Amino acid sequence: MKIAGNKLIVECSTYDFKIKLEAKEPESWVKSVSAFANGNGGSLFYGVSDDGTVVGIEDPKKTAKDISQIIKDHMDPVPEFTLNPIEGNDGKVVLEVKISAGSQTPYYFVRKRRRLAFIRLGDESVPATSHQLYNLVLKGSNRSWDSLETSELRTDHSFTILAREYNERSGAKWEENLLTSFGLVTDDGHLTNAGLLFADNCPIKQSRVYCTRWDGTDKGDTINDAEFHGNLLMLLRQAKDFIKANTAVPWFKLPDYRLNLPEYSDRATEEKCVNHLIHRDYTELGSEVAINIYDDRIETTSPGGIKETLKFEPVIPAETSSKRRNPVIAEVFAQLDYMEKRGSGLKKIVDATSLLPTYKEDKMPYFRSNREEFRTIIPNVNYGMDRAALEAFAESKAPTPEFRPEDEIITRKNRPEVAKTAQRKIGKTAQSIIDILVSNPHATRTQICSILGKADGTIKEHLANLQARGIIERVGSDFGGHWKVLIRK
């Protein structure tokens, strides 16, 4: 921050300008101290008009002393703050009151038996609602909603869905003590809120997903809709199934295999659903995750934003730090291999979409948020392309290599030394592998085995044969790379 001419140039995005100290009306400015301490911190600048013009203050030393005393008299608890005098070239002095983000929230403004906690909303400091105050109390106690103990007993609930998913996805065996290790059940046998969300018969009413397929590119007539509620793993499965059933996958018959050109990446849509189920605000009663499918995009919203404004603002994945609103829920999904602990979900959505055959840069997924809501928009990469355009795309991308018998698929029944004419077309399992890799190039061999119900050796052999035939190739390393399906006539 510096003074240029007679203007204050401020580097921080959270600040208030004050021409002078209003000692007799402390609420007019101490409310901003409360809001900054309850949020991400901020600064008040004394001796500056609303347009940033520096007018200076007459007695910086006395003003600093009065500000310090008023904050101590009217704040509970007293937040951490510093007073920094800033002198311009003309000798005018501006006093910065810098308030740090607090860890003992809520920070109250106190006067005449009134106790009010404020939060920052855009460039204003406004009283916290009861819902916001509840979250400030949780933050100050270093607790999250999903970790809170409930009155529900472990003996009254079953976890067969969670156990089955754990066995299938982790490769380990489910054990009862994992419920305590994950933070779903307390040592005295009570379920936490997260435990209720993963229980087979989840009783939490706001654990819901609304799905709608709209006719067109805005909310007009509906083609299909559904409402799901209950167990988080079932919500994830039902949401993915709804998206699958209400989006198209055009395909083209090539000489030796079928080429799918999906509108959306399975990996991206799964990551989107997981992200919204994990990070949504469950303290907001009567709320839900909403999935709206339009002709040109899928738009998903959930309660609980990460911006401090009422207006929706862009969220840039590379510039967004991972803050887990529900760490217990996040840990369970991580154990089930639905997400990574380092928090790269938004980037995964972008990367997975960018690997689709018809992807162009103007179809990049994007994210928006305000204080109340988070929104993910994934464009339909095929939108604007009719069947003829898709067919022309496939033709333009397809090389015409000379067919060679040695490129044929090799199986246990079809060895090179056996004098037998090989079939040019690939088999059903190989085609299924191609379909999976088109929609999810990052699919692992283990995941393919699980989806197709095949042994690891079988999938390994098919992958090797598809590579040998030039139908797929590996891009990057075995652990950090991905598969690419080559368009081949």
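Residues numbered from 1 in each chain as written. Predicted model: local features only at pLDDT ≥ 70, side-chain atom pairs only at ≥ 80, totals over all residues. Heavy atoms only, no water.

### Some points on the overall build of the chain
The condition is simple: Think of it this way: any DSSP run of H or I at least four residues long counts as a helix, any run of E at least two long counts as a strand, and we number them from the N terminus. Should any heavy atoms of two residues lie within 4.5 Å, those residues are counted as being in contact. The method behind every accessible area is Shrake-Rupley, applied with a 1.4 Å probe, and residues are considered shielded solely by the protein chains displayed.
When its secondary structure is counted, the chain shows 14 helices and 23 strands. For the chain, the share of sequence-separated contacts (at least 6 apart) that also reach a separation of at least 24 residues comes to 66%. Total accessible area on the chain is roughly 24,900 Å²; 48% of this is exposed by carbon and sulfur atoms.

### As for the pairing of strand β10 (residues 124–127)
Cut-off, in case you're wondering: A pair of strands is treated as paired once DSSP finds two or more bridges between them.
Pairing between strand β9 (residues 114–121) and β10: 4 bridges, direction antiparallel. Each residue of the ladder has a partner; that of Ile 119, found in β10, is Val 126. Hairpin remark: β9 followed by β10, antiparallel, with 2 residues in the connecting loop; positive phi at Gly 122, about 65 degrees.

### Quick look at the confidence of the model for the chain
Here is the rule we go by: Residue-level confidence of the predictor, termed pLDDT, takes values from 0 up to 100.
Averaged over all residues, the pLDDT of the chain equals 87, while 90% of them reach at least 70. Long-range and interchain partners of residues 400–423, a stretch whose pLDDT sits below 50, account for 25 contacts in this model, where long-range means more than four residues apart.

### Quick notes on the pattern of salt bridges
Here is the rule we go by: For this analysis, a salt bridge means a side-chain nitrogen from Lys or Arg found within 4 Å of a carboxyl oxygen belonging to Asp or Glu. When a residue's accessible area, from a 1.4 Å probe over protein chains only, is under 20% of the maximum for its type it is buried; when over 50% it is exposed; and in between it is partly exposed.
Considering all chains together, one arrives at 19 salt bridges under this definition. A salt bridge links Arg 120 to Asp 16; its shortest N-O distance comes to 2.7 Å. Of this pair, Arg 120 sits in strand β9 while Asp 16 sits in strand β3 (residues 15–18), placing them 104 residues apart in sequence. Per residue, the accessibility class of Arg 120 equals that of Asp 16, and both read buried. Where Asp 266 meets Lys 244, a salt bridge forms, and the shortest distance between an N and an O atom there is 2.8 Å. With Asp 266 in helix α8 (residues 266–279) and Lys 244 in helix α7 (residues 232–245), this residue pair connects regions lying 22 residues apart in the sequence. Residue classification places Asp 266 among the partly exposed residues on the basis of a relative accessible area of 32%.

### Section: the packing of aromatic side chains
Note the cut-off: The rule is short: rings of Phe, Tyr and Trp, with Trp giving its six-membered ring, pair when the centres are within 6.5 Å, and they are stacked under 30 degrees, edge-to-face over 60, tilted in between. Put simply, a charge is over a ring when the Lys NZ or the Arg CZ is close to the ring centre, within 6 Å, and near the line of the ring normal, within 35 degrees.
Counted under the stated rule, the structure contains 10 aromatic pairs. Between Trp 29 and Tyr 46, the aromatic rings sit 5.9 Å apart at their centres with planes inclined by 90 degrees, giving edge-to-face as the arrangement. In this pair, Trp 29 is assigned in helix α1 (residues 27–38) and Tyr 46 in strand β4 (residues 42–46), connecting sequence segments 17 residues apart. Centre to centre, the rings of Trp 174 and Phe 182 are 6.3 Å apart; their planes meet at 55 degrees, and the pair counts as tilted. Taken individually, Trp 174 and Phe 182 each receive the classification buried, so the pair is uniform in this respect. Above the ring of Trp 251, the side-chain terminus of Arg 258 is found at 6.0 Å from the ring centroid. We note Arg 297 situated over the ring of Tyr 294; from NZ or CZ to the ring centre the distance is 3.9 Å.

### Focus on the sheet that holds strand β5 (residues 75–76)
With antiparallel pairing, 4 strands are arranged side by side in an open sheet as β5-β8-β9-β10. Pairing within the sheet leaves two strands with one partner each, and these edge strands are β5 and β10. Pairing geometry for strand β8 (residues 108–111) and β9, over 4 bridges, is antiparallel. Of the residues in β9, the one forming a bridge with Tyr 108 is Ala 117.

### Some points on the packing of α7 against α8
Defined as follows: Axis lines are fitted to C-alpha atoms, over the contacting stretch for helices. Their N-to-C directions set the angle, which ranges from 0 to 180 degrees. By convention the crossing between two helices is left-handed if the near helix lies anticlockwise of the far one by an angle smaller than a right angle, and right-handed if it lies clockwise. Residue polarity follows a fixed list, in which Ala, Val, Leu, Ile, Met, Phe, Trp, Tyr, Cys and Pro are nonpolar, Asp, Glu, Lys and Arg are charged, and the others, Gly among them, are polar.
Relative orientation of the contacting elements α7 and α8 amounts to 140 degrees, with a least axis distance of 10 Å. Between α7 and α8 the crossing geometry is right-handed. Contact residues: Leu 232, Leu 235, Leu 236, Ala 239, Lys 240, Ile 243 and Lys 244 in α7; Asp 266, Thr 269, Glu 270, Lys 272, Cys 273, Val 274 and Leu 277 in α8. When its residues are assigned to classes, the contact of α7 with α8 shows 8 nonpolar, 1 polar and 5 charged.

### Topic: the nonpolar core
The test is simple: Remark: nonpolar core denotes a set of buried residues (Ala, Val, Leu, Ile, Met, Phe, Trp, Tyr, Cys) joined through side-chain atoms within 4.5 Å.
Core analysis: the largest hydrophobic core is formed by 60 residues, its most contacted members being Leu 162, Leu 184, Phe 198, Leu 232, Ile 291, Ile 329 and Phe 333. In terms of residue count, α7 provides more of this core than any other element does, 7 residues in total. Contacts of Phe 198, omitting those with residues within four sequence positions, involve Phe 159, Leu 162, Leu 184, Asn 231, Leu 232, Leu 233, Ile 329, Val 332 and Phe 333. One finds Tyr 257, Ile 434, Val 438 and Cys 449 within the second-largest nonpolar core, a separate group that totals 26 residues.

### Focus on the packing of α1 against helix α2 (residues 60–74)
Selection criterion: Here the word oblique covers every angle except those under 35 degrees (roughly parallel), over 145 (roughly antiparallel) and from 65 to 115 (roughly perpendicular).
Look at α1 against α2: their axes get within 11 Å of each other, and the N-to-C directions meet at 70 degrees. What the angle tells us is that α1 and α2 run roughly perpendicular. Taking contact as the criterion, the partners of Trp 29, Val 30 and Val 33 in α1 are, on α2, Ile 67, Ile 70, Ile 71 and His 74. Across the contact of α1 with α2, the residue classes tally to 6 nonpolar, 1 polar and no charged.

### Examining the sheet that holds strand β6 (residues 81–87)
Taken in spatial order, the 4 strands make up an open sheet running β3-β4-β7-β6, and their pairing is mixed. Bordering the open sheet on either side are β3 and β6, each of which pairs with just one other strand. Between one strand and the next, the sheet's axes are offset by a mean angle of 20 degrees, whatever the strand orientation. Strand direction decides the pairing type here: β3 and β4, joined by 4 bridges, are parallel. Following the sheet pairing, Asp 16 is matched in β4 by Leu 44. Against the sheet, α1 makes contact with β3, β4 and β7 (93–99), and its axis sits at roughly 155 degrees relative to β4, the strand it touches most.

### Quick look at the environment of Thr 217
For Thr 217, the position within the fold is in the loop between β13 (208–214) and β14 (222–229). By relative accessible area, which is 35% here, Thr 217 ends up partly exposed. Considered as a pair, Thr 217 and Ile 293 are 76 residues apart in the sequence and their alpha carbons are 8.7 Å apart. Filtering out sequence-adjacent residues up to four positions away, Thr 217 remains in contact with Tyr 294, Asp 295, Asp 296, Arg 297 and Tyr 383.

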